Amino acid sequence: DNGFYFVPLGGSEQFGVNLNVYGCDGDLLAVDCGIGFADERFPGIDLLLPDPAHLEDAREKLSGMIITHAHEDHIGAVAHLWDRLECPLYA
């Protein structure tokens, strides 16, 4: 838990589903929580959400979530995942 680290939980190297976590000395800070839009690779699925399991498992260490801007790929999953995280939200 010591030191500084970055964990991309969604959205890295793709459009949408943004959810990144920064850790520092045991505390976590989430940045963005967006949706993605499925394509032909996911028949019958419309929306893609980031996987918050890592944050759920460490929820007591989650200091908050920062939303960088209001595009759906950065904020769209907050409403879908909020009850699993329930942390302070900053925008």
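Everything below is about the structure printed above this text.
Cut-off values and rules
Residues numbered from 1 in each chain as written. Predicted model: local features only at pLDDT ≥ 70, side-chain atom pairs only at ≥ 80, totals over all residues. Heavy atoms only, no water. Helix = DSSP H or I, 4+ residues; strand = E, 2+ residues; numbered from the N terminus. Rg over C-alpha atoms; globule rule 2.2 N^0.38 Å. Buried < 20%, exposed > 50% of the residue type's maximum accessible area, 1.4 Å probe, protein only. Contact = heavy atoms within 4.5 Å. Disulfide = S-S within 2.5 Å. Core = buried A, V, L, I, M, F, W, Y, C linked by side-chain atoms within 4.5 Å. Salt bridge = Lys/Arg side-chain N within 4 Å of Asp/Glu carboxyl O. Pairing = 2+ DSSP bridges.

Turning to the overall build of the protein, a few remarks are in order. Broken down by element type, the protein carries three helices and seven strands. From first element to last, N terminus to C terminus, the protein shows the α and β order β-β-β-β-β-α-β-α-α-β. Compactness check: the protein gives a C-alpha radius of gyration of 13 Å against a globular reference of 12 Å for 91 residues, within 12% of the reference. Overall, the C-alpha framework of the protein stretches about 40 × 25 × 20 Å when taken along its three principal axes. A burial count over the protein gives 37% of its 91 residues as buried. Across the protein, every contact between residues at least 6 apart in sequence was considered, and the portion connecting residues at least 24 apart equals 52%.

According to the stated counting rule, one finds zero disulfides in the structure shown. The thiol sulfur of Cys24 is not disulfide-bonded, and the nearest other cysteine sulfur, from Cys87, lies at 17 Å. Taking relative accessible area as the criterion, Cys24 reaches 37% and is therefore assigned partly exposed. Between Cys87, a free cysteine, and Cys33, which holds the nearest cysteine sulfur, the sulfur-to-sulfur gap is 8.7 Å.

Counting residues in each nonpolar core, the largest one holds 17 residues, and the members touching the most others are Leu19, Leu28, Ala30, Cys33, Leu55, Leu62 and Met65. For this core, the secondary-structure elements that each account for two or more residues are strand 2 (19-24), strand 3 (27-31), strand 6 (62-66) and helix 3 (78-85). Counting residues per element, this core draws most heavily on helix 3, at three residues. Those residues within four positions of Ala30 in sequence are excluded, and the remaining contacts are Leu19, Asn20, Val21, Leu55, Leu62, Gly64, Met65 and Ile66.

Turning our eyes to something else, we now look at the pattern of salt bridges. Close approach of charged atoms allows side chains with opposite charge to pair. Taken as a whole and judged by the stated rule, the model has three salt bridges. Across the pair Glu56 and Arg84 runs a salt bridge, and its minimum N-O distance is 2.8 Å. Taken together, the residues span a long stretch of sequence, with Glu56 in helix 1 (residues 53-57) and Arg84 in helix 3 at a distance of 28 residues. Since its relative accessible area comes to 30%, Glu56 is described here as partly exposed.

Now for the sheet that holds strand 3. The strand order across the open sheet formed by five strands is 1-2-3-6-7, and the pairing between neighbours is mixed. Both edges of this open sheet fall to strand 1 (4-10) and strand 7 (89-90), since each of them pairs with a single strand only.

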